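# What the coordinates show
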Amino acid sequence: MNFKEDFLTIVGTVGGSGAIIVGLSVWLGNISASHIEMSTKAKYDTEIKLLESKLELSRTQKVRNAEAQFGLYREVWTNLMDLKSSGDRLWVNVTKENFEDFTMLLEKTRQAVNRGRLILKEDHYQQLQDVFQALENYSFGKGNLVNLRQPDAVGNLYNNYSHNDIVNQVKENEKHKKEYEALTLDILSEFRQQLGLSG
């Protein structure tokens, strides 16, 4: 016997109502399978859309953070370089104007760093605080030189300061200038690494 004969024997034994039941069962099975397949597909489509949405949100946040971080590093670096240039001018020519410019830029740079502390790595922030301390020491020393170079009431230059006082102050200033220049180079290297700009 083959399948066709077996099938006909079963249908003949059960009768026409059996054939209808078998046909109805097959039809309902197909509908149920189709419904399960569509339900499963819809569930997975929803999960995929949710994951794609989360991935896009994460990607957008990373881009925003990277742009903000780059902007901050650029702002801090620009202020540090402006401050360095001002310090170099003050080193060459100790005048009240150069001193005031340096003092103003020091405060402006400190504010930029404090605004960006959220994005800066903590070690970058601490290094910048070290830079500011060195620059404050440099500023204090240069302020002393501005005062030393002002004539007193009778026109005597340097008031009661000796030549050794002035030479010592210049040496101290040079030490602080070199400190902030070295720290600035270290920070440049770290900023480049953090921004993926170093090799």
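Heads up: these notes are all about the structure in this document. (Residues numbered from 1 in each chain as written. Predicted model: local features only at pLDDT ≥ 70, side-chain atom pairs only at ≥ 80, totals over all residues. Heavy atoms only, no water.)

Inspection of the entire model under this criterion finds 12 salt bridges. Aspartate 45 is the partner of lysine 41 in a salt bridge, and the nearest nitrogen-oxygen pair spans 3.4 Å. With lysine 41 and aspartate 45 both in helix α2 (residues 16-92) and four residues apart, this pair spans about one turn of that helix. The exposed category is assigned to lysine 41, whose relative accessible area is 53%. (Salt bridge = Lys/Arg side-chain N within 4 Å of Asp/Glu carboxyl O. Helix = DSSP H or I, 4+ residues; strand = E, 2+ residues; numbered from the N terminus. Buried < 20%, exposed > 50% of the residue type's maximum accessible area, 1.4 Å probe, protein only.)

Here we come to the nonpolar core. Counting 22 residues, the largest nonpolar core has Val76, Val113, Leu120, Leu128, Val131 and Leu135 as the members making the most contacts within it. Among the elements of the structure, α2, α3 (96-115), α4 (122-148) and α5 (163-194) are those that each provide at least two residues to this core. Of the residues forming this core, the biggest block, seven residues, is contributed by α4. (Core = buried A, V, L, I, M, F, W, Y, C linked by side-chain atoms within 4.5 Å.)

Attention now moves to α5. Between the first and last C-alpha of α5 there are 46 Å, a value that for 32 residues agrees with the 46 Å anticipated at 1.5 Å per step. Among all positions in α5, only Ile166, Gln169, Asn173, His176, Lys177, Tyr180, Leu183, Thr184, Ile187, Leu188 and Phe191 are buried. Count one or two residues on from α5 and you reach glycine 196, which has phi positive near 75 degrees. (Expected span 1.5 Å × (residues − 1).)

In this description, an aromatic ring pair is defined by two values, namely the gap between the centres and the angle between the planes. One pass over the structure, following the stated rule, counts one aromatic pair. Between the aromatic rings of tyrosine 73 and phenylalanine 191, the centroid separation amounts to 4.2 Å while the plane-to-plane angle is 55 degrees, which identifies the pairing as tilted. Residue tyrosine 73 is located in helix α2, and its partner phenylalanine 191 is located in helix α5; the two are separated by 118 residues in the primary sequence. An identical accessibility class is assigned to tyrosine 73 and phenylalanine 191; each is buried. For the cation-ring pair, arginine 117 lies above tyrosine 125, with the distance from its terminal atom to the ring centre recorded as 3.9 Å. (Phe/Tyr/Trp six-rings, centres within 6.5 Å; stacked < 30°, edge-to-face > 60°. Lys NZ or Arg CZ within 6 Å of the ring centre and 35° of its normal.)

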